[in-house]
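What follows is each chain in one-letter form.
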Amino acid sequence: MRAVVFRGPREVAVEEVPDARIERPTDVLIRVTSTAICGSDLHMYEGRTPMEAGRVLGHENVGEVVEIGPAVDRIKVGDRVCVPFNVACGYCRNCERGETAYCLTTNPGRAGAAYGYANMGPYRGGQAELLRVPYGDVNCLRLPPDVAEKENDYAMLADIWPTGYHATELAGVQAGDSVAVFGAGPVGLMAAYSAMLRGASMVLVVDHQSDRLRLAEKIGAIAIDDRQGDPVEQILEHTRGQGTDKGCECVGWQAHDAEGHEHPASTMNNLVRSVRATGAIGAVGVFVAQDSRSPDQLMRKGEVAFDMGRFFQKGLRIGSGQTNVKAYNRRLRDLIAAGRAQPSFLVSHNLGLDEAPDAYLHFDQRDDGWTKVILHP
């Protein structure tokens, strides 16, 4: 089968690799019809996480079931499904509690597994013609009959919409809340969109990419361009000096200014300054345990200079971590099916698999208009 293979920093290639196949009785095999490039794929693409050369990338996958193992009961050949990026067993202590992002069996020695991702188990990614889905009955979300015309929307259920929604859940966003979102990449836009769906009275989105800020305004958020001045001061101006009720961190450790200089603690500390006393923050941007290439000495050890004093003084709360996709994907799917949500508003490009190398390059360079890419094998 053809697949997008990681070859080294800023080098991916479309190559012939052995076909994905059924390996265990509980497996499902899908023919991939849509597979998105995620912002977190860029951490590997840029060589900032220890990804092995030769691995197949891709953890945002939609497809058609073409084969099932003999122990698969619920999922049938011909089903159209979306696959959460989490690889979960469904029966361990964490999975039974709904914490499928932290499955204890699918990646021995570490809580949590994913497709085609560094340190997240041996599972090949779905930027390929075929994908093996372990524990298929657990990990496949059936899609409605309208998938043909709404596939771009349903593709957002594999990761970025549940992740954005998770940020608002961790922050406890309620109807009437004001919310600051740092980062207008795909996850930040999904956090803003989720806050609006949850009834937020005001959503402010901080970034310095004009195309992304335009999308934030398109869904009714207030764009905060940090090239125009201190984003915290701009947020305080919009909130009569009080700050927002809640905040969402959707950038992670590679946060940088408009000149491209990295400041790993900047988004977290700006949220501490932006959120009012007794408010809450949901942090879903990726932070890693170490990054030897970071220009920041602390971040090389996975640490940041967090403003703990102000955080404590204001009585803030924080929730963090990867999203348990299965906690949200059914509900979000049903919003799409009912016509109540259209998360594909951020999709900028639908491309063939062979165009993946160029797509990675444009997306990594944040070229204007390259907000979300879906590949179609």
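What counts and what doesn't
Residues numbered from 1 in each chain as written. Predicted model: local features only at pLDDT ≥ 70, side-chain atom pairs only at ≥ 80, totals over all residues. Heavy atoms only, no water. Phe/Tyr/Trp six-rings, centres within 6.5 Å; stacked < 30°, edge-to-face > 60°. Helix = DSSP H or I, 4+ residues; strand = E, 2+ residues; numbered from the N terminus. Buried < 20%, exposed > 50% of the residue type's maximum accessible area, 1.4 Å probe, protein only. Axes fitted to C-alpha atoms, helices over the stretch in contact; angles between N-to-C directions. Parallel < 35°, antiparallel > 145°, perpendicular 65-115°, else oblique. Left-handed = near helix turned anticlockwise from the far one by under 90°. Contact = heavy atoms within 4.5 Å. Core = buried A, V, L, I, M, F, W, Y, C linked by side-chain atoms within 4.5 Å. Salt bridge = Lys/Arg side-chain N within 4 Å of Asp/Glu carboxyl O.

(A) Here's a closer look at the packing of aromatic side chains. Counted according to the given criterion, the structure contains six aromatic pairs. Geometrically, the ring pair formed by Tyr91 and Tyr135 is edge-to-face, given 6.0 Å between the ring centres and 75° between the ring planes. Of this pair, Tyr91 sits in the loop between strand E5 (80-83) and helix H2 (93-96) while Tyr135 sits in the loop between strand E6 (130-133) and helix H3 (136-139), placing them 44 residues apart in sequence. Classification of Tyr135 as buried rests on a relative accessible area of 13%. By way of ring pairs, the aromatic residues Trp161, Tyr193 and Phe345 are connected into one cluster.

(B) Spotlight on the packing of helix H8 (residues 231-238) against helix H9 (residues 266-274). Packing of H8 against H9 brings their axes to within 9 Å, and their N-to-C directions diverge by 25°. Taken together, H8 and H9 sit at an angle that is classed as roughly parallel. H9 is crossed by H8, and the crossing has right-handed handedness. Listed contacts from H9 to Pro231, Val232, Glu233 and Ile235 of H8 are Asn270, Arg273 and Ser274.

(C) Spatial organisation of helix H4 (residues 147-155). For H4, the full list of buried residues reads Val147, Lys150, Glu151, Asp153, Tyr154 and Ala155. For H4, the elements touching its buried residues are strand E3 (28-37), strand E4 (60-68), E5, helix H11 (329-337) and strand E15 (373-376).

(D) Broad picture of the nonpolar core. One finds Leu157, Trp161, Val181 and Leu346 to be the most contacted residues of the largest nonpolar core, which totals 46 residues. Taken together, the elements giving at least two residues each to this core come down to H4, helix H5 (160-171), strand E8 (178-182), helix H6 (186-197), strand E9 (202-207), helix H7 (210-218) and H11. Here this core gets seven residues from one element, more than from any other, and that element is H6. Counting residues in each nonpolar core, the second largest holds 24 residues, with Val4, Met51, Met120 and Leu375 among its members.

(E) Expanded view of the packing of H5 against H11. One can describe the packing of H5 onto H11 by two numbers: an axis separation of 10 Å at closest approach and a directional angle of 110°. Compared by their axis directions, H5 and H11 come out roughly perpendicular. In this structure, H5 meets H11 at a crossing whose hand is right-handed. On H11, the residues that touch Trp161, Pro162 and Tyr165 of H5 are Arg331, Leu332, Leu335 and Ile336.

(F) Seen up close, the environment of Glu217. Position of Glu217 among the secondary structure elements: in helix H7. As a C-alpha pair, Glu217 and Asp291 span 74 residues in sequence and 34 Å in three-dimensional space.

(G) Expanded view of the pattern of salt bridges. Tallying each qualifying case throughout the model produces 26 salt bridges. For Glu129, the salt bridge goes to Arg2, with nearest N and O atoms at 3.3 Å. With Glu129 in the loop between H2 and E6 and Arg2 in strand E1 (residues 2-8), the pair connects residues that are 127 residues apart, well separated along the chain. The salt bridge partner of Asp364 is Arg366, with a shortest N-O separation of 3.7 Å.

Without other data, these values stay purely geometric and don't point to any function.
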